[in-house]
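Structural characterization, general
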Amino acid sequence: ETGVTQTPRHLVMGMTNKKSLKCEQHLGHNAMYWYKQSAKKPLELMFVYSLEERVENNSVPSRFSPECPNSSHLFLHLHTLQPEDSALYLCASSQVGGFTNTEAFFGQGTRLTVV
Amino acid sequence: GQQLNQSPQSMFIQEGEDVSMNCTSSSIFNTWLWYKQDPGEGPVLLIALYKAGELTSNGRLTAQFGITRKDSFLNISASIPSDVGIYFCAGRDRGANSKLTFGKGITLSVRP
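Rules used throughout
Residues numbered from 1 in each chain as written. Chains lettered and ligands numbered in written order. Predicted model: local features only at pLDDT ≥ 70, side-chain atom pairs only at ≥ 80, totals over all residues. Heavy atoms only, no water. Helix = DSSP H or I, 4+ residues; strand = E, 2+ residues; numbered from the N terminus. Rg over C-alpha atoms; globule rule 2.2 N^0.38 Å. Buried < 20%, exposed > 50% of the residue type's maximum accessible area, 1.4 Å probe, protein only. Contact = heavy atoms within 4.5 Å. Buried area = accessible area lost by both parts, 1.4 Å probe. Salt bridge = Lys/Arg side-chain N within 4 Å of Asp/Glu carboxyl O. Polar contact = N/O pair within 3.5 Å; in protein donor to acceptor, adjacent residues only side chain to side chain. Nonpolar A, V, L, I, M, F, W, Y, C, P; charged D, E, K, R; others polar. Phe/Tyr/Trp six-rings, centres within 6.5 Å; stacked < 30°, edge-to-face > 60°. Pairing = 2+ DSSP bridges. Axes fitted to C-alpha atoms, helices over the stretch in contact; angles between N-to-C directions.

**Digging into the overall build of chain A**
Across its full length, chain A carries zero helices and 11 strands. Going residue by residue from the N terminus, the α and β elements of chain A occur as β-β-β-β-β-β-β-β-β-β-β. Here chain A has a C-alpha radius of gyration of 14 Å; the compact-globule value for 115 residues is 13 Å, and the two agree. C-alpha extents for chain A along the principal axes are approximately 45 × 30 × 30 Å. Within chain A, buried positions represent 48% of all 115 residues. Taking as baseline every contact in chain A between residues at least 6 positions apart, the subset at least 24 positions apart corresponds to 53%.

**Focus on the interface of chain B and chain A**
Each partner contributes residues to the interface: chain B has 21 residues there, and chain A has 20 residues. In total, about 1,500 Å² of surface goes out of reach between chain B and chain A, with carbon and sulfur atoms giving 53% of it. Taken together, the links from chain B to chain A amount to one salt bridge. Across the pair E103 of chain A and R92 of chain B runs a salt bridge whose closest N-O atoms are separated by 2.6 Å. Counting every contact that joins chain B to chain A gives six residue pairs in polar contact (both at pLDDT 80 or more). Elements represented by at least two residues in the side of chain B that touches chain A include exactly strand 4 (31–37), strand 5 (44–49) and strand 9 (85–92) of chain B. Ranked by the residues each element gives to the side of chain B that touches chain A, the list is headed by strand 4 of chain B, at four residues. Its residues placed into classes, the side of chain B that touches chain A shows 10 nonpolar, seven polar and four charged.

**Side note on the packing of aromatic side chains**
Scanning the model with the defined rule gives nine aromatic pairs over all chains in all. An aromatic cluster of at least three residues, connected via ring pairs, comprises Y33, Y35 and F106 of chain A together with Y35 and F102 of chain B.

**Points about the sheet that holds strand 7 (residues 64–70) of chain A**
Residue and element names in this part refer to chain A. Pairing within the open sheet is antiparallel, and its four strands lie in the order 1-3-8-7. With one partner strand each, in any of the chains shown, strand 1 (4–7) and strand 7 form the two edges of the open sheet. Strand after strand, the sheet turns through a mean of 20 degrees between neighbouring axes, direction not considered.

**Observations regarding the pairing of strand 2 (residues 10–13) of chain A**
Residue and element names in this part refer to chain A. Alternating positions in strand 2 separate cleanly, L11 and M13 being buried on one face and H10 and V12 remaining unburied on the opposite face. Inspection of the sheet shows strand 2 paired to strand 11 (residues 110–114) by four bridges, in the parallel sense. Within strand 11, the position partnered with H10 by the bridge is R111.

**Remarks on unusual backbone geometry**
Excluding glycine, most residues fall at negative phi; most peptide bonds, likewise, are trans. The peptide bond linking T7 of chain A to P8 of chain A adopts the cis configuration, its omega dihedral lying at -10 degrees. Omega for the peptide link from S7 of chain B to P8 of chain B comes to 0 degrees, which places this bond in the cis form. Of note, P8 of chain B is situated in the loop between strand 1 (4–6) and strand 2 (10–14). The phi angle at K40 of chain A is positive, at roughly 60 degrees, despite the residue not being glycine.

**Side note on the pattern of salt bridges**
Residue and element names in this part refer to chain A. This model, assessed by the stated rule, comprises five salt bridges over all chains. A salt bridge links K41 to E44, with the nearest nitrogen and oxygen atoms 3.4 Å apart. The class of K41 is partly exposed, set by a relative accessible area of 41%.

**Remarks on the sheet that holds strand 1 of chain B**
Residues and elements named next belong to chain B. Read across the open sheet, the five strands follow the order 1-3-8-7-6; overall the sheet is antiparallel. Pairing within the sheet leaves two strands with one partner each, and these edge strands are strand 1 and strand 6 (55–58). Pairs of neighbouring strands in the sheet enclose a mean axial angle of 20 degrees, with direction left out of account. Bridge count between strand 6 and strand 7 (residues 61–65): four bridges; the pairing is antiparallel. Counterpart to S57 in the pairing with strand 7 is T62.

Rendered as structure tokens:
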């Protein structure tokens, strides 16, 4: 496995369900991100983890709960979502600080549909 | 908040043609990035620009960091069918740890 991998690729869930999105990076990066991509809108940054600590939370509703158990894994726990939460959820990683910085590498995304 | 403007929303060109797209902002950015997103995939970084006036190429792609630091341009020469996709610009206004602001993207279609 290389790069940034996300599972599942597609997810359909009811508004009362609880599900989790998983992201794994194999690039040795120290920062990971969740973005939301809705049609005809710019990518929206949701959460940033740097060195496994959450450093940014862009006023995301509490029905989205991130978890970063180590620098290679990132989860997004979902519960009682709304239909307007249907979107493509993208995970990304990068290397920040030190002598080598890299720009964000994105995973393929999870297409989430809330019914 | 900061916004990056990309227009038009869609572009249609003939295979073999060159195409140019730009990205503008009302505020200054210190880094400009161009990403491409294929259908069903995540964005992939095409070109990164870190200095005002910088001109960088990646194969048939050329991008420039505007001298005012408020805009950037991406040119694709001799387009081919696999150039189809959504092209996003992104900007960063401070150091490497500051967050990216993305444009809405331009969907490019290439007619064979």
